[in-house]
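# Summary of structural features
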Amino acid sequence: MFAKATLQLGEASVIAERTGITTISDFRSADVAYGGNGAPLTTTFDQLILRSDRWTAVQNIGGIGNVTFLSPRGNDTDPIGFDTGPGNVLIDHAAWLASNGSLLYDHDGSMGRSGKPNIDMLKQMQEMPYFDQIPPKTTGRELFTKDMVLHWWKKVEDQELSANDFVSTMTELTAWSIADSYRRYGPQELERIVLSGGGSQNGYLIERLRHHLLLQFDRPFEGDAIEIHQHWESKEGQLFAMLAFRCIKNQFGNLPSCTGARSKVVLGKISPASNLIHLSMHFRDSENKATERQAKSCG
């Protein structure tokens, strides 16, 4: 049996020394040490910031897609979070191939919308074992690779597909995989979907997602049932800033129901710098002021 591991690049001690700023890094290792996958970590942000009065799916569509299912406020059901499969990664590679290297991504889904998904190719892709794997689960570019796209690209001429058909097929796979994950593992009462990541700006992908949600739930997700997160570009940055803050405050950063860890743990390693004393005093003063406010409200 192989132990789980995670590779985090960058040396926080060097950053701390060169900037004079206390640096917090390596957020995944503690979760892995407790038996978790070290991902997804965005679920903590989603639970604390984006919970509402409705059953909600918070879906990030970056290179890889990941979702957090949140119960309404007042409902103590644990959140569920996992990687749904490919996000933009296969679409981006397909757009690059289809444009002879002139495009890095399919802007607003214009190439995909101009094509038609190939059903035979799509069905073969849908048979990938990852889609049948039960959460908690995580994946990455080590599974959904450029070589995988090249493999399918070689079949384009054999099946008389246009370049746009190929991009459309990759887009269809992402839309299907998200909706299929919701049907298998999400709440049937789902009312609200919050999108972030670059894929949220792909109009054709969102159209196809609505189509597959209709097929899976037998009801439309129209209008504000699907919304774009206000800070769709910076959500991941906000997440790690929050995790760093919680590390300094000795507060948990993971959700075991999502990562598979045995318990909640503090995430991150602190590399001190010259501002550490000032930082500690700032947090102490903030806590004292919060205690004073609480005492006055009780009095």
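Residues numbered from 1 in each chain as written. Predicted model: local features only at pLDDT ≥ 70, side-chain atom pairs only at ≥ 80, totals over all residues. Heavy atoms only, no water.

## Considering a nonpolar patch on the surface
Together, W96, L104 and Y105 line one region of the surface with nonpolar side chains, adding up to about 350 Å² of accessible area. Note on placement: L104 falls in the loop between helix 4 (89-98) and helix 5 (110-114). Classification of L104 as exposed rests on a relative accessible area of 65%. (Patch = residues over 30% accessible without salt bridge, like charges linked within 9 Å, V, L, I, M, F, W, Y side chains within 5 Å. Areas by Shrake-Rupley, 256 points an atom, 1.4 Å probe, with all protein chains shown as cover. Salt bridge = Lys/Arg side-chain N within 4 Å of Asp/Glu carboxyl O. Helix = DSSP H or I, 4+ residues; strand = E, 2+ residues; numbered from the N terminus. Buried < 20%, exposed > 50% of the residue type's maximum accessible area, 1.4 Å probe, protein only.)

## Here we look at helix 1 (residues 12-19)
Looking at where helix 1 begins, the residue whose side-chain oxygen comes 3.1 Å from the main-chain nitrogen of S13 is E11. Looking one or two places after helix 1, you find G20, whose phi comes out positive at around 75 degrees. (Polar contact = N/O pair within 3.5 Å; in protein donor to acceptor, adjacent residues only side chain to side chain.)

## Focus on the sheet that holds strand 3 (residues 64-70)
Across the sheet, five strands lie side by side as 4-3-2-5-6; this open sheet has mixed pairing. The open sheet terminates on both sides in strands that have one partner only, identified here as strand 4 (80-86) and strand 6 (226-228). Each neighbouring strand pair of the sheet contributes to a mean axis angle of 20 degrees, computed without reference to strand direction. Packed onto the sheet, helix 8 (residues 163-185) meets strand 2 (56-61), strand 3, strand 4 and strand 5 (192-196) and runs at close to 150 degrees relative to strand 4. (Pairing = 2+ DSSP bridges. Axes fitted to C-alpha atoms, helices over the stretch in contact; angles between N-to-C directions. Contact = heavy atoms within 4.5 Å.)

## Points about the packing of aromatic side chains
Evaluation of the coordinates by the stated rule reveals eleven aromatic pairs. Ring geometry for F217 versus F221: centroids 5.5 Å apart, planes at 70 degrees, classification edge-to-face. An identical accessibility class is assigned to F217 and F221; each is buried. Through a chain of ring-to-ring contacts, the aromatic side chains of F69, F82, Y182 and Y185 assemble into a single cluster. The ring of Y130 is capped by K137, whose NZ or CZ atom sits 4.3 Å from the centre of that ring. The positively charged end of R246 is found above the aromatic ring belonging to F252, 4.7 Å away from the centroid. (Phe/Tyr/Trp six-rings, centres within 6.5 Å; stacked < 30°, edge-to-face > 60°. Lys NZ or Arg CZ within 6 Å of the ring centre and 35° of its normal.)

## Details of the layout of surface pockets
Taken as a whole, the largest pocket encloses approximately 710 Å³ of empty space. The wall of the largest pocket is formed by 29 residues, among which R28, I64, N66, D83 and E236 lie closest to the centre. When residues of the lining of the largest pocket are traced back to their parent elements, those giving at least two are strand 3 and helix 10 (235-248). Looking at which element gives the most residues to the lining of the largest pocket, the answer is helix 10, with four residues. (1 Å grid on protein atoms, 1.4 Å probe; cavity = no way out; pocket = protein on both sides within 12 Å on 5 of 7 lines; lining within 4 Å. Points joined across faces, edges and corners; volume = space filled by probe spheres on them.)

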